[in-house]
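Report on the structure
For reference, the chains in residue letters:
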Amino acid sequence: MGTQEGATSFLFTEYQYVGIFMSIFAVVIFLFLGSVEGFSTKSQPCTYSEGKFCKPALFTALFSTASFLLGAITSLVSGFLGMKIATYANARTTLEARKGVGKAFITAFRSGAVMGFLLASSGLVVLYITINVFKLYYGDDWEGLFESITGYGLGGSSMALFGRVGGGIYTKAADVGADLVGKVERNIPEDDPRNPAVIADNVGDNVGDIAGMGSDLFGSYAESSCAALVVASISSFGINHDFTGMCYPLLVSSVGIIVCLITTLFATDFFEIKAVKEIEPALKKQLIISTALMTVGIAIISWLALPAKFTIYNFGTQKEVSNWGLFFCVAIGLWAGLIIGFVTEYYTSNAYSPVQDVADSCRTGAATNVIFGLALGYKSVIIPIFAIAVSIYVSFSIAAMYGIAVAALGMLSTIATGLAIDAYGPISDNAGGIAEMAGMSHRIRERTDALDAAGNTTAAIGKGFAIGSAALVSLALFGAFVSRAGVQVVDVLSPKVFIGLIVGAMLPYWFSAMTMKSVGSAALKMVEEVRRQFNTIPGLMEGTGKPDYATCVKISTDASIKEMIPPGALVMLTPLIVGTLFGVETLSGVLAGALVSGVQIAISASNTGGAWDNAKKYIEAGASEHARTLGPKGSDCHKAAVIGDTIGDPLKDTSGPSLNILIKLMAVESLVFAPFFATHGGLLFKYL
């Protein structure tokens, strides 16, 4: 089990480094938040009802730190367990593929589902227990209680950032190195055991796509719950201490788990898959069925759990909302997610014309392939952004910032199905790798390739969900931050805010530059090492010599550990530096700028990468008349497609998916530190 040992040892190394970082950051949270009232242990008058006394900031600092560590540990454990499940599932899927494509599909899909449910339920349980434990101390002070809970989202997301960036650099360094030397130079098949980088490539799929994706969606999930809870704690739910109404966000998520359980049965038990062409429709049906059932589930929950009328805090005033209004907010987020999923699928699946056009452009070489791919990525941003815009407008009109927070939760409520579909891709990919390395028959490899091609598209759908929900989550967090920091109006024309906007919009580019360059330099070392082995190990090409897999695994591990620190530090330190030196107004500009530019780059990067990858697979599979005119493998046309795919790899698996964590993480961090920034922030402007 080389893959499993490699993946486990990498994650342990990564977690050691991240553990040190987390400990330091936990101390920072405690010191910053504790200093808001000068470390006093006296009770303070509440912000929203002056007559009452609330718990001192020192204890909020303590509880925020505890929930930060809890979020980080939950995120870490869910990523690790997901990776374990996937490494066990890989070999089983390969073995099932001997019996037929249907059996292999069920094994891969169920393994993905196990991970999806594990993640959704562990996030929910830990959050619910934490709220109840903290309540023992806070009693009636719900504002302080839910403010300290926001640390949970911060912990989940900061862990996810390192998992995503570290895993993304690892997997792509190995993938690019293996592809460039193996396929383009030596003309040997993908995952051929003669290729020294092949084990590192398989490990990377588990570390980046499974552990990284798991932590990422867990982070979104924790943050959207925290954003909704913070906004609600200063509304009638919090003031009247209506615990059921307060827990509405958690109820939405728990109904989501039940709905996803029922949905999973449709793929594995009610309809059996007999042929390759039924795979993709079956996965798409999962999304539609879960969305339809969830709409009914939300209606029931909104009717049972919420009072008919309640008020939501809206920038200084209380706004009256009905329970049906809130149902519409969640439902619009849910359906916007489905639209984003299908648009992503249209632009990245090789069943439709956009990807086929990209494949066709390979006839004139790699340059035209790159041009077509970039254009496709930019174009694919249009409809998702309109979907996000409409859901923001409608949900804000109905229930202010709380509406946006629950719309984000709606988009994530079917997370278990989304993750099942997403994790299914890398599991099938690795099953193909194992079949190739074990020298199994060509027929088995064809079956796993068919599973993998469908998985590629569904992975792009998963990323679409993650990015769309990140946009809504960070807007909800932004709203919670603005109301918590006491900013009444964010005036774009004020120079303080505008400089923030323009710098914030630059940050995703800076971050992408770092992650892309890291993949590039790690891949460079990998290519040199793979070439060296082909040239110096006698009998390697003939299959008599044995490649040195361990060196390649070490190159990937060292590069990703070293290179994940700077991008991580950029994201974690920006809000702290801006808030402390320039104050909350400039920071609100930075958050808005990063949100607006980050979403666009993230969508276009992951769709461009997905399209290039599937254009290459379209040529390789040669399923249609058009595809056969472009092939076969090893032709100039195919080589141009491989180059496009290699460029797209870091875009779709490192930069794109990490960007959604950048937008969420900066917003949730600003929210956690809001009391400190409001009290002590803006040092530069105070003294100028």
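Residues numbered from 1 in each chain as written. Predicted model: local features only at pLDDT ≥ 70, side-chain atom pairs only at ≥ 80, totals over all residues. Heavy atoms only, no water.

Naming follows an unreviewed UniProt entry, where the protein chain appears as H(+)-exporting diphosphatase of Panicum virgatum. The protein chain has a UniProt comment under Subcellular location (unreviewed entry) that states "Endomembrane system". (UniProt positions renumbered as here; feature names shortened; annotations may be inferred.)

1. As for the overall build of the protein chain
Per the secondary structure count, the protein chain includes 20 helices and 4 strands. Taking 26 Å as the expected radius of gyration for a compact globule of 688 residues, we find that the protein chain reaches 25 Å, a close match to that expectation. Projecting the C-alpha coordinates of the protein chain onto the three principal axes gives extents of approximately 80 × 55 × 45 Å. Pairs at least 24 residues apart make up 84% of the contacts formed inside the protein chain by residues separated by at least 6 positions. Total accessible area on the protein chain stands at roughly 23,800 Å², and carbon and sulfur atoms take up 68% of it. (Helix = DSSP H or I, 4+ residues; strand = E, 2+ residues; numbered from the N terminus. Rg over C-alpha atoms; globule rule 2.2 N^0.38 Å. Contact = heavy atoms within 4.5 Å. Areas by Shrake-Rupley, 256 points an atom, 1.4 Å probe, with all protein chains shown as cover.)

2. A few points about the packing of helix α2 (residues 57-96) against helix α5 (residues 198-233)
It is at 8 Å that the axes of α2 and α5 come closest, and there the two elements cross at 145°. Crossing handedness for the pair α2 and α5: right-handed. The residues of α5 that touch α2, namely those facing G71, T74, S75, S78, G79, G82, M83, A86, T87 and N90, are N206, I210, A211, S215 and F218. For the contact of α2 with α5, the residue count by class is 5 nonpolar, 10 polar and no charged. (Axes fitted to C-alpha atoms, helices over the stretch in contact; angles between N-to-C directions. Left-handed = near helix turned anticlockwise from the far one by under 90°. Nonpolar A, V, L, I, M, F, W, Y, C, P; charged D, E, K, R; others polar.)

3. A word on the nonpolar core
For soluble globular proteins, nonpolar side chains are generally found buried alongside one another. In this structure, F105, Y248, I279, L326, Y402, Y424 and F481 are the most contacted members of the largest nonpolar core, which totals 194 residues. Here this core gets 21 residues from one element, more than from any other, and that element is helix α17 (residues 549-621). Aside from chain neighbours lying at most four places away, what touches L326 is Y248, L306, F310, V321, I398, A399, Y402 and V406. Ranked by size, the runner-up nonpolar core spans 19 residues in total, among them A359, L376, I619 and C637. (Core = buried A, V, L, I, M, F, W, Y, C linked by side-chain atoms within 4.5 Å. Buried < 20%, exposed > 50% of the residue type's maximum accessible area, 1.4 Å probe, protein only.)

4. Quick word on the side chain of T171
Inspection of the secondary structure assignment puts T171 in helix α4 (residues 142-185). According to the relative accessible area criterion, T171 is buried, its value standing at 0%. Only 3.5 Å separates the side chain of T171 from the backbone oxygen of G204, close enough to count as a polar contact. (Polar contact = N/O pair within 3.5 Å; in protein donor to acceptor, adjacent residues only side chain to side chain.)

5. Observations regarding the side chain of S560
Residue position: S560 is located in helix α17. Residue S560 is classed as buried on the basis of its relative accessible area, which comes to 0%. If we skip the residues at most four places from it in the chain, S560 touches F10, G166, I169 and Y170.

6. Focus on the confidence of the model for the protein chain
On average, residues of the protein chain carry a pLDDT of 86, and 98% of them reach 70 or more. Confidence, read as mean pLDDT per element, is least for strand β1 (residues 44-45) in the protein chain (68) and greatest for helix α12 (residues 366-379) (95). (pLDDT = per-residue confidence, 0-100.)

7. Thoughts on the state of the cysteines
Overall, the coordinates contain 0 disulfides when judged by the stated rule. Not engaged in a disulfide, the cysteine C362 finds its nearest cysteine sulfur in C637; these two sulfurs lie 5.1 Å apart. Residue C362 is classed as buried on the basis of its relative accessible area of 1%. (Disulfide = S-S within 2.5 Å.)

8. Side note on the packing of helix α9 (residues 279-305) against helix α14 (residues 415-437)
Direction vectors running N to C along α9 and α14 enclose 160°, while the axes themselves pass 10 Å from each other. Relative to α14, the element α9 is oriented roughly antiparallel. By crossing handedness, the relation of α9 to α14 is classed as left-handed. Every residue of α14 that contacts α9 at I279, L283, Q286, L287 and S290 is listed here: T417, I421 and Y424. (Parallel < 35°, antiparallel > 145°, perpendicular 65-115°, else oblique.)

9. Comments concerning the packing of aromatic side chains
A complete count under the given rule lists 24 aromatic pairs for this structure. Taking the centre distance of 4.7 Å and the plane angle of 50° together, the rings of F10 and Y170 count as tilted. Of this pair, F10 sits in helix α1 (residues 2-34) while Y170 sits in helix α4, and the two are 160 residues apart along the sequence. Overall, the relative accessible area of 0% leaves Y170 in the buried class. Centroid distance F21 to F25: 6.0 Å. Interplanar angle 15°. Geometry classified as stacked. In this pair, F21 and F25 are both assigned in helix α1, 4 residues apart and thus about one turn of the helix distant. Classification of F21 by relative accessible area gives partly exposed; the value is 24%. Ring pairing ties together the aromatic residues F21, F25, F32, F68, F162, F673, F676 and F677, which thus form one cluster. Note that K135 overlies the ring of F243, its terminal NZ or CZ placed 3.8 Å from the centroid. (Phe/Tyr/Trp six-rings, centres within 6.5 Å; stacked < 30°, edge-to-face > 60°. Lys NZ or Arg CZ within 6 Å of the ring centre and 35° of its normal.)

10. A look at α4
Here α4 contains 44 residues, and its C-alpha end-to-end distance of 63 Å stays within 8% of the 64 Å for a straight helix at 1.5 Å per residue. Of all bends in α4, the biggest is about 25°, found at D179. When you tally the buried positions in α4, you get 41 out of 44 residues, the bulk of the element. Positive phi shows up at N187, right after α4, with a value of about 60°. (Expected span 1.5 Å × (residues − 1). Bend = angle between axes of the 7 residues up to and from the residue.)

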